[in-house]
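Coordinate inspection notes
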Amino acid sequence: MKQIIRKELRENLKFAAPAFVLLSLLLLSGFNSSVHSAVRVLTETWYQQDDLQPVLATSIHAGVTLLCCVLGAVLGAMQIYSERPVDRWSFLVHRPIRRTQLFFAKTIAGLSLYLATVLPPLVVFVAMIATSGHVAAPFEWAMVIPLADTVVSGAAFYFAAMLCVIRPAAWYRTKLFPLALPFLPAVYSFIPLPLRNAYIDPLVFVASVVIAALAVWGAFQRDASFESQPFAAKPATYVALLAGAAMIFIILAGLYSWLSPDRVNETSYYTMARDGDIYKVSRTAGEQLHVVDLKGNIVKNPKTGEPIDEKLLNQKVAGGLSLRQLPEDEMEQVAMGSGFYAVWRVDHRVIWYWTRHGVLLGFDALTRRPVGEIAAGSGPVKRSSDDSFFPPHDQFNSWNPARTIGTRRAVYAIDTQNQSATPVFTAASDERIGGSADVHEPRFTNSVAVLTSRRVLLADQNGTRFEYPLTVTTNERVSLYILQKTNFAIWVAPKWQPAKPELPTKVMWISREGKVTRNVELPGLRLPENESPVEKALVAVMPPAISIPSFLWHKEDDLMFATKNQVALSLIYGIAAAVLGWFKGRKYQFSSAKQSGWFIVNVIFGLPSLLAFLSVYTWPARMKCPSCGRPRLVNRDACEHCAAAFPPPEKAGVEIFAPLVKT
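Residues numbered from 1 in each chain as written. Predicted model: local features only at pLDDT ≥ 70, side-chain atom pairs only at ≥ 80, totals over all residues. Heavy atoms only, no water.

1. A look at the overall build of the protein chain
The line we're drawing: Here a helix means four or more residues in a row that DSSP labels H or I, a strand means two or more in a row labelled E, and each is numbered from the N terminus. Note on classification: 1.4 Å probe, protein chains only; a residue is buried when its accessible area is under 20% of the maximum for its type, exposed when over 50%, partly exposed between these limits. Residue contacts are defined here by distance: any two heavy atoms, one from each residue, within 4.5 Å place the two residues in contact. Residue-level accessible areas treat just the shown protein chains as cover; the underlying method is Shrake-Rupley with a 1.4 Å probe.
The helix and strand inventory of the protein chain stands at 13 helices and 21 strands. Split into buried and exposed, the 663 residues of the protein chain put 45% on the buried side. Looking at the protein chain alone, contacts between residues at least 24 apart form 55% of all its contacts between residues at least 6 apart. For the protein chain, the exposed surface amounts to about 34600 Å²; the carbon and sulfur share of it is 60%.

This is the structure we're talking about:
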């Protein structure tokens, strides 16, 4: 076994050495790019926030993922492919060691080369970034998780490539199917960490490695055929091929969607003018805006008498302040770029970051060292505390930075020069703040709009300027408009939900004294459907194992979930796949237990399972039986229909063995 390990290390070192150099250059380039990105923030208004922290940079993550996956696949493939010439594999497996030992010898050598190539550059890279003064951005050890996931994905590609080469299948058919198994976790690693499930996250990557490794181990035991594999390896081989079959259907659905003509949908929404009038704006792709008032009259340009254009409409529209009651369990899910921080303000040469822990951290863009921290009250706060920072969605524009930040208990004016937070508004003991936004209206300079659990108000350093009692749920959005005539208008609109997109919106015109002068209820507008009926049918091709749980346990605000029709269609496809698989197994004389097992599996996993079922077996040829005339399997001694044996081959006159004679 030691000799085989040395042999594998010696033969495959030529693939690891160039990858080590490429990865080192990639990480060095990404580190230098982040240093320059911090300087560009001081002068440019647009930049990629994740590039400021090299560990989170998409370009570095993509490069490391590509290199790790390619290196793992090359090492795994070449360790098997190098044994194929002149039947070298037959010589290798007849060595006086067990095939399991042979499997472990190859994988120990291959994974050792892989880890020795990718880990040292990554460890040095992370160590430099974790050291203060190298990067002008916050750092947490959790930021390293995507890179660690990438390393695990490369190990999964290593086993998947071994399985591709060792399987007896054609390159242009199903030989590459196992590569889809590690491809899905590699794509999953690009999802921001706050959007992942803490329990599913490690399972996705570990399962891909374990399943691929089990399938390769099973292929090592015999001749790589599915029938001769150990029982523990058969499900792993099936899952590896099922992933490839599912990828085929995903690619076909994507190609069909790309080649299909786009549907022309009309988009409609309500907006409010500065004088308090409400307009319904409709837009169709490639056509001019269609703007009408609540009575259905076309809004016209008062100077020309022509329908109002988009430029004039933007001048007439009032700016609304959007507020929403954030539920307690949503505080950790607010999107902050990659999920760890967002650039909040650039003050002189200091970049202030709003972190997911609810504090502002300042970094000098030139020296790349931390310069201070601002939090509510005294000292840093934790997001689990009652007075922790939470970010409203409209306070992320670093080119138009917010003056204030709100917590559950108060709204603070931030002074980055003195690194202090001064309360502008403090909620009563029996209420909680749901959202806040800065007011840029000249009549209310330095004011802030606040939505609490029982009112909406405008406040500044001198006290409350306007308030109106209002109670909304977490499924409603509030917009506050500062108008010319009636002073204020409040919109209470439902949070968009795919299942209920046509709920009405309540509008109230309110005087400065807080009295309602007018109210109206706007009918809900159905959002445009971006999917064509054919695309919806393609979505229904998903197996019942996915469509049924998606339909039963989806939340109301889920963007993607299966409908009743899609579940029914997926069940029809699953039953059709099971029936086709049943006839295929019956044709090749499967046992009743095997037939029943595959029938259930094909119903659950649908059409991809049928394709995987056809791929796992090496189907023997069939020829016409000279006795009954029906097709018979050539790997049987007797015809399965009439029990007739194969006739002896015709003599060619070159036989050197006399026929056996029974005595």
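2. A closer look at the pairing of strand β14 (residues 455–460)
Note the following rule: Strands are labelled as partners when DSSP assigns at least two bridges between them.
Within β14, 6 of the 6 residues are buried, which leaves the element mostly enclosed by the surrounding structure. Of the two faces of β14, the one holding Arg455, Leu457 and Ala459 and the one holding Val456, Leu458 and Asp460 are both buried throughout. In terms of strand pairing, strand β13 (residues 448–452) meets β14 through 4 bridges, oriented antiparallel. Within the sheet, the bridge partner assigned to Leu451 lies in β14 and is Val456. Hairpin connection of β13 to β14: 2 residues between the antiparallel strands. For β14 and strand β15 (residues 463–469), the ladder comprises 6 bridges, and the chain directions are antiparallel. Paired with Ala459 across the bridge in β15 is Thr464. Where β14 hands over to β15, the hairpin turn is made up of 2 residues, counted between the paired strands.

3. So, the sheet that holds β14
The criterion, for reference: Interaxial angle, 0 to 180 degrees, is taken between N-to-C directions of lines fitted to C-alpha atoms, where a helix line uses only the stretch in contact.
Read from one edge of the open sheet, 4 strands run β12-β13-β14-β15, paired in antiparallel fashion. The strands lining the two open edges of the sheet, one partner per strand, are β12 (433–438) and β15. When strand polarity is set aside, the average angle formed by the axes of neighbouring strands in this sheet is 20°.

4. Remarks on the packing of aromatic side chains
Rules: Between rings of Phe, Tyr and Trp, where Trp is taken as its six-membered ring, a pair exists when centres lie within 6.5 Å; planes separated by under 30 degrees are stacked, by over 60 edge-to-face, and by other angles tilted. Think of it as a cone above the ring: NZ of Lys or CZ of Arg counts as a charge over the ring if it is within 6 Å of the ring centre and within 35 degrees of the ring normal.
Across all of its chains, the model carries 25 aromatic pairs by this definition. Measuring from ring centre to ring centre gives 6.4 Å for Phe103 and Phe159, while their planes differ by 35°; the resulting arrangement is tilted. A residue pair is termed long-range when its members are at least 10 positions apart, and Phe103 in helix α4 (residues 99–130) and Phe159 in helix α5 (residues 145–166) qualify at 56 residues. Exposure class is identical for Phe103 and Phe159. Each is buried. Relative to Trp619, the ring of Tyr617 has its centre 5.2 Å away and its plane inclined at 50°; by these criteria the two rings are tilted. Taken together, the ring pairs connect Phe226, Tyr238, Tyr588, Phe590, Trp598, Phe605, Phe613, Tyr617 and Trp619 into an aromatic cluster. Directly above the ring of Trp509 sits Arg518, whose terminal nitrogen or CZ lies 4.2 Å from the centroid. Its guanidinium or amino end placed over the ring of Trp619, Lys584 lies 4.9 Å from that ring's centre, counting from NZ or CZ.

5. Quick word on the confidence of the model for the protein chain
Applied cut-off: The quantity called pLDDT is the predictor's confidence in a given residue, expressed from 0 to 100.
Of all residues in the protein chain, 84% have pLDDT values of 70 or greater, and the mean over the chain is 82. Taken element by element, the predicted model of the protein chain shows its lowest mean pLDDT in helix α10 (residues 533–539) (58) and its highest in α5 (93). Below a pLDDT of 50 lies the segment residues 329–335, which in the model reaches 11 contacts outside its immediate sequence neighbourhood of four places, other chains included. Low confidence marks residues 378–386, where pLDDT is under 50. Its contacts with residues over four positions away, or in another chain, come to 26 contacts.

6. As for the nonpolar core
As a reminder, the rule being used: Remark: nonpolar core denotes a set of buried residues (Ala, Val, Leu, Ile, Met, Phe, Trp, Tyr, Cys) joined through side-chain atoms within 4.5 Å.
Within the largest apolar cluster, 78 residues are counted, with the highest numbers of intra-cluster contacts made by Leu52, Val64, Tyr114, Phe125, Phe159, Phe220 and Tyr353. Per-element accounting of this core gives the leading share, 12 residues, to α5. Counting residues in hydrophobic clusters, the runner-up holds 21 residues, among them Leu323, Ala437, Val456 and Phe488.

7. As for the packing of α5 against helix α6 (residues 180–188)
Stated precisely, the cut-off is as follows: Throughout this description, any angle smaller than 35 degrees is read as roughly parallel, any larger than 145 degrees as roughly antiparallel, any in the 65 to 115 degree range as roughly perpendicular, and the remainder as oblique. Ten residues, namely Ala, Val, Leu, Ile, Met, Phe, Trp, Tyr, Cys and Pro, are considered nonpolar, four, namely Asp, Glu, Lys and Arg, are considered charged, and the remaining ones, Gly among them, are considered polar.
In the contact formed by α5 and α6, the axes pass within 8 Å of each other and the chain directions differ by 170°. For the element pair α5 / α6, the angle class is roughly antiparallel. When α5 is examined against α6, the residues Ser153, Ala156, Phe157 and Ala160 are found in contact with a partner set consisting of Pro182, Phe183, Pro185 and Ala186. By residue class, the composition of the contact of α5 with α6 is 7 nonpolar, 1 polar and no charged.

8. What to know about the layout of surface pockets
Filter applied, for reference: Throughout, the protein atoms alone are placed on a 1 Å grid, and a set of points is a cavity if a 1.4 Å probe fits but cannot get out or a pocket if it is open with protein on both sides within 12 Å along at least five of seven lines; lining residues have an atom within 4 Å of a point. Grid points are joined across faces, edges and corners, and a volume is the space filled by probe spheres set on the points.
In this structure, the second largest pocket encloses a volume near 910 Å³. Leu184, Ala243, Ala246, Ile250 and Ile546 are, among the 27 residues lining the second largest pocket, the residues nearest its centre. Elements represented by at least two residues in the lining of the second largest pocket include exactly α6, α7 (200–221), α8 (233–259), α10, α11 (544–553) and α13 (592–616). Sort the elements by how many residues they give to the lining of the second largest pocket and α8 lands first, with 9 residues.

9. So, a nonpolar patch on the surface
Cut-off, in case you're wondering: Each patch is built from residues that are more than 30% exposed by relative accessible area and take part in no salt bridge. Like charges join if they lie within 9 Å; nonpolar side chains (Val, Leu, Ile, Met, Phe, Trp, Tyr) join within 5 Å. Put simply, a salt bridge is a Lys or Arg side-chain nitrogen that is within 4 Å of an Asp or Glu carboxyl oxygen.
A grouping of Ile575, Val579, Trp582, Phe583, Phe599, Ile600, Ile604 and Phe605 is seen on the molecular surface, where their side chains present a nonpolar patch of about 680 Å² in accessible area. Within the residue set of the nonpolar patch, elements represented by two or more residues are α12 (564–587) and α13. As for its placement among the helices and strands, Ile600 is situated in helix α13.

10. Quick look at the environment of Pro235
Tracing the sequence through the fold places Pro235 in helix α8. Here Pro235 falls in the partly exposed class, since its relative accessible area comes to 43%. Along the backbone, Pro235 and Leu214 are 21 residues apart, and their C-alpha atoms lie at a distance of 9.0 Å.

11. Describing α7
Quick reminder: α-helices carry 3.6 residues per turn. Residues three or four places apart thus point the same way. The criterion, for reference: A helix is expected to span 1.5 Å for every residue after the first.
Relative to the 32 Å expected for 22 residues at 1.5 Å per residue, α7 spans 31 Å between its end C-alpha atoms, a close match to the ideal helical length. Within the sequence span of α7, burial applies to Asp201, Phe205, Ser208, Val209, Ala212, Ala213, Ala215, Val216, Gly218, Ala219, Phe220 and Gln221.

12. A few points about the sheet that holds strand β17 (residues 488–494)
Judged by pairing direction, the sheet is antiparallel, and its 5 strands sit side by side in the order β4-β16-β17-β18-β19 without closing on themselves. At either margin of the open sheet sits one strand with a lone partner, and together these are β4 (320–324) and β19 (516–522). Pairwise comparison of adjacent strand axes, ignoring direction, gives a mean angle of 20° for this sheet. Sheet analysis places strand β18 (residues 505–510) next to β19, joined by 6 bridges and oriented antiparallel.

13. Observations concerning the pairing of β4
Burial along β4 is one-sided: the residues Leu321 and Leu323 are buried and none of Gly320, Ser322 and Arg324 is. Pairing geometry for β4 and strand β16 (residues 476–482), over 5 bridges, is antiparallel. Note on β16: the bridge partner recorded for Leu321 is Leu480.

14. Examining the side chain of Ser268
Cut-off, in case you're wondering: N or O atoms closer than or at 3.5 Å make up a polar contact, with two conditions inside protein: a donor-capable atom paired with an acceptor-capable one, and, for residues adjacent in sequence, both atoms drawn from side chains.
Along the chain, the position of Ser268 falls in strand β1 (residues 266–272). Within polar-contact distance, the side chain of Ser268 engages the side chain of Ser282 at 3.2 Å. Setting aside anything within four residues of it in sequence, one finds Ser268 in contact with Lys280, Val281, Ser282 and Leu525.

15. Here's the deal with the packing of α11 against α12
A packed helix pair is summarised by two numbers, namely the angle formed by the two axes and the spacing between the axes. The cut-off we apply is this: By the definition used in this description, the sense in which the near helix is turned from the far one sets the handedness, with an anticlockwise turn below a right angle giving left-handed and a clockwise turn giving right-handed.
Where α11 contacts α12, the two axes come as close as 9 Å, and the packing angle between them is 155°. Taken together, the axis directions place α11 and α12 in an arrangement best described as roughly antiparallel. The element α11 and its partner α12 pack so that their crossing is left-handed. Residue-level inspection shows Pro544, Ser547, Ile548 and Phe551 of α11 in contact with α12, the latter providing Lys564, Val567, Ser570 and Leu571.

16. Quick look at unusual backbone geometry
A negative phi holds for most residues other than glycine; trans holds for most peptide bonds. With a phi angle near 60°, Arg368 is a residue other than glycine that sits in the positive phi range. Of note, Arg368 is situated in the loop between β7 (360–364) and β8 (370–374). Assessed through its relative accessible area of 21%, Arg368 is described here as partly exposed. The backbone of Ala643 sits at a positive phi, close to 65°, despite the residue not being glycine. In this structure, Ala643 sits in the segment after β21 (631–633).

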